[in-house]
Amino acid sequence: MADAMMSYAIAVDLGGTQVRAARVRADGEVSNRVALRTDTYAGPKVIMQQIADAAMEAARGLDKSEIKGFGISSPGPLNTETGVAIALPSIPGFENFPIVAALEEKLQQKVYLENDGISAAIGEWRFGAGQGLHSMVYVTVSTGIGGGVVVNNTVLRGHLGMAGHVGHLTIDSKGIRCNCGNTGCWERYAAGPFFAARAREQAKGTSSTLSAFGEKLQPADIFAEAKAGDKLAIAQVEEEARLLGVGLTSLLHLFSPQMIVIGGGLSNAFDQLRPGIRAYVEDNAFPSCRDVPIVTAKLGGNSGLIGAAAMVFDATI
Ligand SMILES: [Zn+2]
């Protein structure tokens, strides 16, 4: 009975490998999860249909009056003021593509669009690790580095909704060229693939257990070998923690958050990264920022879905 009165947001998280959808209640509870493999190279027409199919599957059995709206989390860069994807590096064909207009036509209901970093930040702020705080920074570390920023109870969006691309903070202006066109971006050093590439290179021709993995070496292997006591693996984890500390220290100085929340694949090994990150922050951050908690995300893979739903329930976010 109570369930029939309930209102739901249908949230969709578009990623380079999966389109995930779920129905989400106003209290953040997630149910009816659906996941499809993203038809990555099929172009926007097919992918818009995948989003609509996933959303309708998650909504199956609900009356239209029970659906408050659709919230979409998508990789960027997006112009969220107009609902248009500028270009999605991980999903080709989306140059200046009007995601919101296309989905509103298909779904015949209001669609809210936000980039995945900001969506996940909103999810963690409203229902996860950052609940009740007025200022927090969310950082996701996986194949890239993304994030979102909440300052004084306001989600920072900036010009065209582009704020919070924390992975493209320059940490070495004479460094390595990033996919984005800038030089020496934080992501180009500290994201998972570059952590693995560095370890792979260093392990070549050594007696380290890492060398046996060859080209297949992944971040999870480095963490496992470090735990098992391999010296090179331990050193690589320490270097990764230092590089994460470099970017996080700048974020502490820029936004003065009460907490930094870390999500993404590498957060699964946060216990091994934490000492090195804390050591860097304590050596380099302003004294007033040194004791700011740096914690892992509470909502795991659901941060983005729940954040997209939160925008549906509170359009002022
Ligand atoms: Zn970049």
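For the structure itself, look to the data block above.
This structure is a prediction, so every number in the text was calculated from the model and none was measured.

Caption draft 1: Fine view of the side chain of R200. Topologically, R200 is positioned in helix α6 (residues 192–203). No salt bridge is formed by the buried R200; its nearest oppositely charged neighbour, E215, is found at 4.2 Å. Residues in contact with R200, not counting those within four places in the same chain, are G214, E215 and L217.

Caption draft 2: Structural detail: the packing of helix α2 (residues 44–59) against helix α3 (residues 99–107). The interhelical angle for the contact between α2 and α3, taken along N-to-C directions, is 50°, at an axis separation of 10 Å. As summarised for this structure, α2 and α3 are arranged oblique, according to the angle between their axes. Taken as a pair, α2 and α3 cross one another with a handedness that is right-handed. Counted together, M48, Q49, I51, A52, A55 and M56 of α2 and I99, A102, L103, K106 and L107 of α3 form the full contact between these two elements.

Caption draft 3: Structural view of the packing of aromatic side chains. A complete count under the given rule lists two aromatic pairs for this structure. Between F94 and F97 the ring centres are 5.4 Å apart and the planes differ by 75°, which places this aromatic pair in the edge-to-face class. Both residues of the pair, F94 and F97, belong to the buried class. Judged by centre distance (5.4 Å) and plane angle (55°), the ring pair of F195 and F223 falls under tilted. With F195 in helix α6 and F223 in helix α7 (residues 219–227), this residue pair connects regions lying 28 residues apart in the sequence. F195 sits in the buried class, given a relative accessible area of 0%. Judged by relative accessible area, which is 6%, F223 ranks as buried. In this structure, K110 is placed above the aromatic ring of Y112, and the distance from its NZ or CZ to the ring centre is 5.1 Å.

Calculation criteria
Residues numbered from 1 in each chain as written. Predicted model: local features only at pLDDT ≥ 70, side-chain atom pairs only at ≥ 80, totals over all residues. Heavy atoms only, no water. Helix = DSSP H or I, 4+ residues; strand = E, 2+ residues; numbered from the N terminus. Buried < 20%, exposed > 50% of the residue type's maximum accessible area, 1.4 Å probe, protein only. Lys, Arg positive; Asp, Glu negative; His and termini not counted. Salt bridge = Lys/Arg side-chain N within 4 Å of Asp/Glu carboxyl O. Contact = heavy atoms within 4.5 Å. Axes fitted to C-alpha atoms, helices over the stretch in contact; angles between N-to-C directions. Parallel < 35°, antiparallel > 145°, perpendicular 65-115°, else oblique. Left-handed = near helix turned anticlockwise from the far one by under 90°. Phe/Tyr/Trp six-rings, centres within 6.5 Å; stacked < 30°, edge-to-face > 60°. Lys NZ or Arg CZ within 6 Å of the ring centre and 35° of its normal.

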